[in-house]
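Read off the chains here:
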Amino acid sequence: MIKALGYFLEIIKGGLITVRHFVTNMWFHTLKVLGLKAKRRGAVTIQYPEEKKELAARHRSLHRLLRREDGKPRCVSCLLCVTVCPSECISVEAAEDPDSEIQKVPAKFIIDLSRCCFCGFCVEACPEDAIRMDTGKIEVAEYRRADLIYDLDKLLK
Amino acid sequence: MPKIFIDDRAVEVAEGLTLLQAAESVGIPIPHFCYHPAFPPEGSCRMCLVEIEGLPKLELACSTVVKEGLRVRTMSPKVVEARKSVLEFLLAEHPLDCPICDKAGECKLQDYFEEYGLFKSQFKEAKEKREKKFKLGRNLILDRERCILCTRCVRFLNEITKTEDAGILNRGIHSEVGIFESEFIDNNYSGNLAQICPVGAITDTDFRFKTRVWFLESRESICPLCSRGCNIIMDSHAGYPRTLPTRRVYRVRARQNLDVNFHWICDYGRYGYAYLDEGREDRLVWKKGDRETRLSWDKAAQILSEKIRSLVHLRKNSRIGIVLHTNLTNEELFLADRVFRKGLGVEKLFLADPPPGKGDEFLLTADRTANRRGLQEVGLPVQAPDLKALSGLDLLLIFGHYLAAGTSPSDLKNALEKVETKALFASHKSGLDGLVDFVIPVPVIAEKNGSLTNIDGRVQPFVAGLSFAGDGIAEWRALLDLARELKVEHKYFSRLASPEAIYRALRKEIPFFK
Amino acid sequence: MDIVIAVIKIILALVWFLVLTLYLTWLERKESAVIQDRIGANRANIWKFRFLGLFQPFADAIKMIFKEDFVPAFANKFLHTLAPFLSFFFVAITICAVPFGDTLRLGGRTISLQVLDLNAGLLFILAMLSLGIYGIILSGWASRNRFTLLGGIRGAAQLISYEVALGLSLIGIIMVFPSLSLQSIVRFQGENILGFIPKWGVLLQPLGFVVFFFAALAETKRVPFDMPEGESEIIGFFTEYGGLKWGLFMMTDFMEIIIVSALLTTLFFGGWQVPWLAADGFHWPWGGGRALPHGVVVLLQLLAFNIKIVFFCWLQILIRWTYPRFRYDQVMDLGWKVLIPLSLLNIVGTGIVMGFLK
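Residues numbered from 1 in each chain as written. Chains lettered and ligands numbered in written order. Predicted model: local features only at pLDDT ≥ 70, side-chain atom pairs only at ≥ 80, totals over all residues. Heavy atoms only, no water.

Before going further, it helps to spend a moment on the overall build of chain C. Helix and strand counts for chain C stand at eleven helices and seven strands. In summary, chain C has a C-alpha radius of gyration of 21 Å against a globular reference of 21 Å for 358 residues, a match within 12%. Dimensions of chain C along its principal axes, counting C-alpha atoms only, are 70 × 55 × 45 Å. For chain C, with 358 residues in total, the buried portion stands at 51%. Taking the contacts inside chain C whose residues are at least 6 apart along the sequence as the reference set, 77% of them involve residues at least 24 apart. (Helix = DSSP H or I, 4+ residues; strand = E, 2+ residues; numbered from the N terminus. Rg over C-alpha atoms; globule rule 2.2 N^0.38 Å. Buried < 20%, exposed > 50% of the residue type's maximum accessible area, 1.4 Å probe, protein only. Contact = heavy atoms within 4.5 Å.)

In structure tokens form, the structure reads like this:
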């Protein structure tokens, strides 16, 4: 009997917690609706398209390819990113560069973002620091799949 | 048989072997760059140093001949330290551009550094700049920065091709591999240079930058491009990554077989793999007038055997003809003999082959088909395809697309128009496609199992290295299916369900194949 | 003229019922959001005019209406279609016995603010709520899916179990207010105890109220008693439904909440009664009073009734978003081993107290 009563008491206490949340949050919501200044907001929600959260410094966003000082892509198409990519979204085709110091340059560098899982392994694997995921672009959505296939020009931008 | 001790293991080895060969024969690998079994030892890389009890200094395993009672240590601390030092000196001038080096992944320098090194370079000086893109030969590019001066290439040109095109020029730090009088290497075996180079110094323009070696899957096969039957390795795309493949086979390498091709293959075979993907037949079609219907092999076999059966019933066996070629395996030629000549009494067997090319004294033969010797040994009485004889037939089974070569298209057309039913079993598209009723795609040698007999009478079995993707059928299977449909010696052929079973029958019935 | 008035009453009651149901979905979303420090649905808008997401129920309704009416190939088409309508009908019809207010005098007529003053209104509502089980069992069975069938059986077992406690807990009320007509029960509660405490059912029947409240919660089939459907984990009886039919089941759920609130209000919290308000105005317990015109009194009564109902709806939603689900054996234990003995105890206790007071 006492045990049952204790149980009942705990139920009431639990209910009071939600009531407390309701009352305090409602109070701040009401203050906001009335246009009054409040210490905090009634909800922790971030209203995404209107408010945006600042990205962390190490956030992995859309890829970009870096250039050398002379404007050529840094990429030497060693295919290590292709090797390491778990979703097989990168395809690189190599070509000869007349400059014997560079030798190997990408003729094609395509990232299929519709497959990409944004793991960042390509950035880790790159021996030339040619690819980075620091553009801060996270809204990568298109109406057509073909638009999600990024080629060399698009990635160098 | 001297008895020596390698790492405290007593082994008996043949007289005259070097320590390195002796150790390898008992499964103890000794790292080396310049040693190659085809050449006499050079001893220039110093990587194979081993410790011999009683001698004050380390000795070269590649050039020390075994002697009774030698006690050798291959992994003692002193040896490992020496290997580290050798590697350090080799790497002092090495550019370390592994990411763009085609050898990466199968490079000995990389492997040994993984195994013994992983040390930090003590050299602070800038590396020597050398030419990275020296055109060494027709298909060869030399990167002098990567070169470790093992002289394997020089020795190959001296010993094997005997052209003596290249040598080590200059001295000391300036020494480099060079060719004389700027005439670059152009012989039929130059592709082997890229294969024997232990590092990425000599690269092959055919393979250069196309892919990375770890994407490739190595499959053993036999080169069908001439009657030598060289043993090869086909490096084909392994399916990963999905985005890469532009072709199936990326390169062909020699596979060691001291009885046939030693360690080498010719450039004709090495670079002649384009036929695997280009111009292949991939659709099984039945042409009636202008209409083309796609059908399955089972259906085609029914129709064909129906026509054959009606001719046999009317005792018109003499009006059936078979055109064969010598790129068929022993098994297939044997089956053609058993099914058509012995089983159905077909006497009109023709042979249409690709025209012979120019051979050389070493490996390449003039005969550009793989199995002419096999045809002889199986004992098929074949005749040259006489257009007149062909036009007098009612049914013609054409194996191979070689009939089109050597005759004028209009004559062939006129001849074949008189034949009522013509079926073509071809791996490649040709002018014959438009002249026949059935086009049945078949695999090439690399895509099927079987055996070939080379020019010296050596029977070499092989298994499929590539998958056959078309909707056709292998010839041996097609012949067996026809035999089954025609109910020819059912009991005999029902046992021959695989090339291996056919080969067993072949061995039993033809003394040559024993 | 009577018929016209009756039709108008029916229409008004149904509109009230359905609009409250729609906005109960909004209330549920918003209340749960506020409890959980969220904002809740606020994107539905007309010309960028959002207004706290008040258009959300209409957006939902439009979506559900235009969704494909999909019936599984293996289902019994007729019964599959019938089940949601059956559920909906039996709940919707209960509204006619609920008294919204006292009488309204209009143009010489006296109109009762109740669709139908049944003399056994209480029994009618209980009966109709029980018939709702058919919708559940039929939907579970007609879907021809093992899991929906199991859900339907779970639902039926639970509802039947709690039906007993529900009915027994009300016997005390019937003993205290000797009538089965809901309007008379409300009128009885207009009196005061000792002259100043409103004679509401909850004061006379506290134990009855508790038992009825829990049994009624179980009747609504919502968390923590959501055995039949189990929104999050268990597959329930309307798994094979979509679109409008699924919407009907959801509406049935929300209507049950309203009906339970209406019963709680009517039986235990004085229905439309405002404390110390009589037909002619307030009579303060400390003497004196304030006369009010007839229209204001009726409005106050309607307002009181609505406020009480919304409060109980709020309370039920609060409970739904606070407590985790009971295990099935716990549900059965609570019904048979706790609530039914308690309701019997309540009857006996009420009888003894009434005997002494006589």
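The discussion continues.
Our focus in this paragraph is the environment of A166 of chain B. Looking at the element boundaries, A166 of chain B is found in strand β8 (residues 166-169). The spatial distance from the C-alpha of A166 of chain B to the C-alpha of I185 of chain B is 7.9 Å, given a sequence separation of 19 residues.

Take the pairing of strand β22 (residues 459-462) of chain B next. Residue and element names in this part refer to chain B. Here β22 shows a clear split, with Q460 and F462 buried on one side and none of V459 and P461 buried on the other. One ladder, built from four bridges, connects strand β21 (residues 450-453) with β22; its direction is antiparallel. Within the sheet, the bridge partner assigned to L452 lies in β22 and is Q460. Between β21 and the antiparallel strand that follows it, β22, lie five residues; G457 among them carries a positive phi value of about 85 degrees. (Pairing = 2+ DSSP bridges.)

As a further point, take the sheet that holds strand β2 (residues 90-96) of chain A. Residue and element names in this part refer to chain A. Spatially, β2-β3-β5 is the arrangement adopted by the three strands of the open sheet, whose pairing is antiparallel. The outermost strands of the open sheet, each flanked by one partner alone, are β2 and β5 (149-150). Relative to strand β3 (residues 104-112), β2 is paired through seven bridges, and the arrangement is antiparallel. Bridge pairing in β3 places E93 opposite K108.

A few words now on the sheet that holds strand β12 (residues 231-237) of chain B. All names here are of chain B. Pairing is antiparallel in the open sheet, where three strands are placed in the order β11-β12-β13. Bordering the open sheet on either side are β11 (216-222) and β13 (249-254), each of which pairs with just one other strand. Here the strands of the sheet are splayed against their neighbours by 25 degrees on average, with no regard to which way each runs. Strand direction decides the pairing type here: β11 and β12, joined by seven bridges, are antiparallel. Counterpart to L216 in the pairing with β12 is H237. (Axes fitted to C-alpha atoms, helices over the stretch in contact; angles between N-to-C directions.)

All right, on to helix α3 (residues 77-92) of chain C then. Since there are 3.6 residues in each turn of an α-helix, residues three or four apart along the chain are aligned in direction. Residues and elements named next belong to chain C. With 16 residues, α3 should reach 22 Å at 1.5 Å per residue; the first-to-last C-alpha distance of 23 Å fits that figure. The sharpest bend along α3 measures roughly 25 degrees and falls at A83, with the proline P84 sitting one to four residues further on. Burial in α3 covers these residues: L79, H80, A83, P84, L86, S87, F88, F90, V91 and A92. Here the buried face of α3 lies against α1 (2-35), α4 (121-142) and α9 (243-268). (Expected span 1.5 Å × (residues − 1). Bend = angle between axes of the 7 residues up to and from the residue.)

Turning to the interface of chain B and chain A, a few remarks are in order. At the junction of the two partners, chain B supplies 21 residues and chain A supplies 26 residues. A buried area of about 1900 Å², summed over both sides, lies between chain B and chain A, and 56% of it is on carbon and sulfur atoms. On inspection of chain B and its partner chain A, the count reaches three salt bridges. Residue E101 of chain A pairs with K129 of chain B through a salt bridge whose shortest N-O separation is 3.2 Å. The interface formed by chain B and chain A includes eight residue pairs in polar contact (both at pLDDT 80 or more). For the side of chain B that touches chain A, the residue count by class is nine nonpolar, three polar and nine charged. (Buried area = accessible area lost by both parts, 1.4 Å probe. Salt bridge = Lys/Arg side-chain N within 4 Å of Asp/Glu carboxyl O. Polar contact = N/O pair within 3.5 Å; in protein donor to acceptor, adjacent residues only side chain to side chain. Nonpolar A, V, L, I, M, F, W, Y, C, P; charged D, E, K, R; others polar.)

For the rest of this paragraph, the subject is the nonpolar core. Residue and element names in this part refer to chain C. Judged by nonpolar contacts, the single largest core of 84 residues is most densely connected at W16, I125, F212, I259, L264, L267 and F268. Per-element accounting of this core gives the leading share, 14 residues, to α9. Ignoring anything within four residues of it in the chain, the contact list for F268 reads L170, I173, Q189, W200, G201, V202, Q205, G208, F209, F212 and L263. (Core = buried A, V, L, I, M, F, W, Y, C linked by side-chain atoms within 4.5 Å.)

The next subject is the pattern of salt bridges. Counted under the stated rule, the structure contains 64 salt bridges over all chains. Between K52 of chain A and E139 of chain A there is a salt bridge; the shortest N-O distance is 3.4 Å. With K52 of chain A in the loop between α1 (2-33) and β1 (64-65) and E139 of chain A in the loop between β4 (131-132) and β5, this residue pair connects regions lying 87 residues apart in the sequence. R294 of chain B is the salt-bridge partner of D471 of chain B, the closest N and O atoms lying 2.8 Å from each other. Separated by 177 residues along the polypeptide, D471 of chain B in the loop between β22 and α12 (475-486) and R294 of chain B in strand β15 (residues 291-294) bring together distant segments of the chain. Each of the salt bridges in this network shares a partner with another, and the network as a whole consists of D97, K132, D143, E145 and R146 of chain B.

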